[in-house]
Amino acid sequence: MRLLIVGGTGLISSQLSAIALEQGDEVTLINRGKSAIPPAPGAHIIHADAENPEALRAALRGPRLRGERFDAVVQFIAYHPQHVRDDVETFRRLADRYLLIATAAAYRKQDRLRPLTEDVPLENPYWEYAREKIACEEALREAASAAGLPYVIVRPAHTYGDSKIPGFTGVSRHPWTLVDRMRRGADIILPGDGTSLWTVTHARDVAAGIRGLAWSPGAIGEAVHVTSSVPLTWRTIHDTIGRAAGIEDLSEQYVCVPSDALIAAAPDQEGSIRGDKMWPAGYDTTKLRTLVPGWEAAIFFEDGIASAIEWFEADPSRQTIDERTNRMFDALAARYRRALSETAADAG
């Protein structure tokens, strides 16, 4: 398969390029060449600003790609509907299939716990990112259908991997902050009482699902989420990270805090909390497994997170800390510990 990946050095896209190359695909990456993650060896690299349609088209007309056609294009960095419309015009004569990476955060939040299917309506009044991704899906359906470009919509959920340790909030850009807090005995904020169910999926499993959808005959015109089907509690997620980092018992470090308090302490996180992580999420992966026979989320969280810890420990420069988040966690945890102590004293 001849695969063009717009991106190629991100958490999921780097895994996709590696898996595709392992399977014998010819892989071309288009990106700006600014990622700290190196491209997979063997991939062809084209440096261009893929958010600029004219720059992208110029790159595709360049000597390396002139006249070439791709079996599939996978678009990882389209966040606005106009970008998708521009892509349809760019790729309608160059690709047999266009895959848009959307998001499972777009699903309407449910009033009861049941596995999410792709039939759940798309609606997220809390998070602009999710609303823009919904608009991207709508733009793709309209534009691609009119242009005759076959398409597939892919909806990953919370994805982790070697460069990403999953936390509830505040540690996306500097994920080692959470491990550092665990190891030095600092307070660890748990959302609610830590028992809400949440699904995390290793980037390699997500990438394997995407590659399968890139050739699956039945995937054309479909929207498919690519996730694990095994939700974990937030307490289990944190306990597992702790054990991988060498801490057997975090119970004395946990401070349980409601989502509203976290939003009050970090207002810039309201969208991702109220629009995603404060709701329990489990997924029915029947559709993906039907379209891509043999696919399973094969990497257990215990193994995936141990690999992530090793990746960070292999190079201390990767262990960056978010001091702003540290201050927020410290202040919030101290406030709740004080309130618990005062409540216990009053009860006594």
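Residues numbered from 1 in each chain as written. Predicted model: local features only at pLDDT ≥ 70, side-chain atom pairs only at ≥ 80, totals over all residues. Heavy atoms only, no water.

S.K.: Explanation requested: the nonpolar core in the structure shown.
M.R.: One recurring pattern in soluble globular proteins is that nonpolar side chains are buried together. Formed by 43 residues in total, the largest nonpolar core has its most connected members in Ile165, Ile237, Ile241, Leu262 and Phe301. Only α5 (176-183), β8 (188-191), α7 (234-244), β13 (254-257), α8 (259-265), α11 (301-313) and α12 (323-347) provide two or more residues apiece to this core. A per-element tally of this core places α11 first, with 5 residues. Ile165 has contacts with Pro175, Trp176, Leu178, Val179, Ile241, Ile305, Ala308, Ile309 and Phe312, leaving out every residue within four places of it along the chain. Val27, Ala72, Val154 and Ala219 belong to the second largest nonpolar core, which has 29 residues in total. (Core = buried A, V, L, I, M, F, W, Y, C linked by side-chain atoms within 4.5 Å. Buried < 20%, exposed > 50% of the residue type's maximum accessible area, 1.4 Å probe, protein only. Helix = DSSP H or I, 4+ residues; strand = E, 2+ residues; numbered from the N terminus. Contact = heavy atoms within 4.5 Å.)

S.K.: Looking at this structure, how should I read the side chain of Glu137?
M.R.: Following the sequence through the fold, Glu137 ends up in helix α4 (residues 128-147). Among the residues examined, Glu137 registers a relative accessible area of 0% and is labelled buried. Setting aside its immediate chain neighbours within four residues, Glu137 contacts Leu100, Ala102, Leu122, Ile153 and Arg155.

S.K.: Sorry, what's going on with the packing of helix α2 (residues 53-60) against helix α3 (residues 81-91) here?
M.R.: Two measures define how a pair of helices packs: the angle their axes make with one another and the distance between the axes. Packing of α2 against α3 leaves a shortest axis separation of 10 Å and a crossing angle of 20°. When the interaxial angle is binned, α2 and α3 end up roughly parallel. Crossing of α2 over α3 shows right-handed handedness. The segment α2 lies against α3, with Pro53, Leu56, Arg57 and Leu60 engaging Asp86, Asp87, Glu89, Thr90 and Phe91. Each residue belonging to the contact of α2 with α3 can be placed in one class, and the counts come to 4 nonpolar, 1 polar and 4 charged. (Axes fitted to C-alpha atoms, helices over the stretch in contact; angles between N-to-C directions. Parallel < 35°, antiparallel > 145°, perpendicular 65-115°, else oblique. Left-handed = near helix turned anticlockwise from the far one by under 90°. Nonpolar A, V, L, I, M, F, W, Y, C, P; charged D, E, K, R; others polar.)

S.K.: Which parts of the structure should I look at to understand the side chain of His238?
M.R.: Considering the arrangement of structural elements, one finds His238 in helix α7. A relative accessible area of 2% means that His238 is categorised as buried.

S.K.: Looking at this model, I keep getting lost on helix α9 (residues 270-277). Mind explaining?
M.R.: The periodicity of an α-helix, 3.6 residues per turn, causes residues three or four positions apart to be oriented the same way. Of all the 8 residues making up α9, 6 are buried; the element is thus mostly covered by neighbouring parts of the structure. Gly271, Ser272, Ile273, Gly275, Asp276 and Lys277 are the residues of α9 that are buried. For α9, the elements touching its buried residues are β7 (158-160), β9 (197-198), α7 and α8.

S.K.: Help me understand α12 in this model?
M.R.: The terminal C-alpha atoms of α12, which comprises 25 residues, lie 36 Å apart, in line with the 36 Å expected from a rise of 1.5 Å per residue. Buried within α12 are the following residues: Thr325, Asn326, Met328, Phe329, Leu332 and Ala333. In this structure, the buried residues of α12 make contact with α5, β8, β13 and α8. (Expected span 1.5 Å × (residues − 1).)

S.K.: Got a minute to help me understand empty space enclosed by the protein in this structure?
M.R.: Using a probe with the size of a water molecule, rolled over the atoms, empty space left in the structure can be pinpointed. For the structure on display, the rule yields 2 cavities of 30 Å³ or more. Of the volumes computed, that of the largest cavity is approximately 130 Å³. Lining the largest cavity we find 14 residues, and of these Lys109, Leu116, Trp279, Pro280 and Ala281 sit closest to its centre. The residue makeup of the lining of the largest cavity, split by class, is 9 nonpolar, 1 polar and 4 charged. As for the second largest cavity, its lining consists of Gly167, Phe168, Thr169, Val171, Leu178, Arg181, Asp187, Ile188, Ile189, His238 and Phe329. Mapped onto the lining of the second largest cavity, the elements with two or more residues apiece are α5 and β8. Residues that form the lining of the second largest cavity fall into these classes: 6 nonpolar, 3 polar and 2 charged. (1 Å grid on protein atoms, 1.4 Å probe; cavity = no way out; pocket = protein on both sides within 12 Å on 5 of 7 lines; lining within 4 Å. Points joined across faces, edges and corners; volume = space filled by probe spheres on them.)

S.K.: Help me out: how do you make sense of the packing of aromatic side chains in this one?
M.R.: For any pair of aromatic rings, the description consists of the separation of the ring centres together with the inter-plane angle of the planes. For the structure shown, the criterion picks out 9 aromatic pairs. Judged by centre distance (5.1 Å) and plane angle (80°), the rings of Tyr160 and Phe301 are edge-to-face. On the criterion of sequence distance, the pair formed by Tyr160 in strand β7 and Phe301 in helix α11 is long-range, its members being 141 residues apart. Of the two residues examined, Tyr160 and Phe301, each falls in the buried class. Judged by centre distance (5.0 Å) and plane angle (85°), the ring pair of Trp311 and Phe312 falls under edge-to-face. In this structure Trp311 comes out as partly exposed when scored by relative accessible area, which is 25%. In this structure Phe312 comes out as buried when scored by relative accessible area, which is 2%. One aromatic cluster is present, formed by Tyr79, Trp127 and Tyr129 through successive ring pairs. Above the ring of Trp311, the side-chain terminus of Arg318 is found at 3.9 Å from the ring centroid. (Phe/Tyr/Trp six-rings, centres within 6.5 Å; stacked < 30°, edge-to-face > 60°. Lys NZ or Arg CZ within 6 Å of the ring centre and 35° of its normal.)

Scope: geometric values only; no functional claims are made or implied.
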